[in-house]
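Coordinate inspection notes
Given next are the chains, with one letter for each unit.
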Amino acid sequence: MKKYVIFIAAIGLTALLILSGCGESYSRIEMGKDGYGKTTLANGITLLINHDESTSLSAGRILFGGGTLTESAEDNGITNLMVRMLLKGNKNNTAAEISEQLDFLGASVSADCFRDYSAISFVSLTENFDKTLQIIAECLISPTFPEEELTKLKQEVDGDIKASDDSQPQASSKLFWKTAYGDAGYGLPTLGTAASIEKITVDDIKS
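An account of the accompanying structure is given in this report. (Residues numbered from 1 in each chain as written. Predicted model: local features only at pLDDT ≥ 70, side-chain atom pairs only at ≥ 80, totals over all residues. Heavy atoms only, no water.)

1. Describing helix 4 (residues 129–141)
Defined as follows: Helix numbering and strand numbering both begin at the N terminus, where a helix is a DSSP run of H or I of at least 4 residues and a strand a DSSP run of E of at least 2. One fewer than the residue count of a helix, multiplied by 1.5 Å, yields its expected span. When accessible area is computed with a 1.4 Å probe and restricted to protein chains, residues below 20% of their type maximum are described as buried, those above 50% as exposed, and intermediate ones as partly exposed.
End to end, helix 4 covers 18 Å across 13 residues, agreeing with the expected 18 Å (1.5 Å per residue, within 8%). Listing the buried residues of helix 4 in full gives Phe129, Thr132, Leu133, Ile135, Ile136, Ala137, Cys139 and Leu140.

Structural data, given as structure tokens:
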């Protein structure tokens, strides 16, 4: 699956090498007069950068092709679970340790699923950006998808589904997409349904 990576920051060498593959070399990114630069790494990741010295914060967004458009009614919600589970443990840290490390750095991180793509977005102080990106990169490279974390996440998502059904604007939007596209692709809710997410297992997410 091709990944498109957008960073609004000046990215450090260490974090970029971890994300792109240890030891991989890359060319210096030439910045245009508008402050933007672009390059494509050897592994297919496209890197877009905007350099802005007017703020002490740096932000990034990692985009993955594929969202609910790749799902069926039976596994609806699996993409949302998968992308959020990426931050729930890796080979070096548990979910609690990852959360603690990000909190210590003052970083804000979110994982979201949309109809065409999924995203991990993050903001931190520029001085902590390398460390923040390194933690996220480790989650992308070596996620463990712990069973107990999936159980907790499914309960959380079930609550989100009930809340969206109780919201008139969100319920109306869900009805619009379903009416326009049916029970597949764009017609599916990004969170899934209570019935569909209940059946999704760790093995389903890994595959």
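Once the structure has been displayed, the description carries forward.
2. Overview of the pairing of strand 3 (residues 46–50)
To keep it simple, the criterion reads: Pairing between two strands requires that DSSP report at least two bridges joining them.
By the criterion of burial, strand 3 is predominantly enclosed, with four of the five residues buried. Two strands pair when backbone bridges link them, and strand 2 (residues 36–40) and strand 3 are joined in this way by five bridges, in the antiparallel orientation. Bridged to Tyr36 within strand 3 is Asn50. Following strand 2, the chain reverses through five residues before pairing antiparallel with strand 3; Gly44 in that reversal takes a positive phi of roughly 95 degrees.

3. Considering a nonpolar patch on the surface
For clarity, the threshold we go by: Residues forming no salt bridge and having over 30% relative accessible area are the ones grouped into patches, like charges within 9 Å of each other and nonpolar side chains (Val, Leu, Ile, Met, Phe, Trp, Tyr) within 5 Å. Accessible areas in this description were obtained via Shrake-Rupley with a 1.4 Å probe; residue shielding takes into account the shown protein chains only. Within this document, salt bridges are pairs made up of a side-chain nitrogen of Lys or Arg and a carboxyl oxygen of Asp or Glu, the two lying within 4 Å of each other.
Where nonpolar side chains cluster on the molecular surface, the patch consists of Leu57, Val123 and Leu125 and spans about 220 Å² of accessible area. Take Leu57: it is sitting in strand 4 (residues 57–65). The exposure class of Leu57 is partly exposed, given its relative accessible area of 43%.

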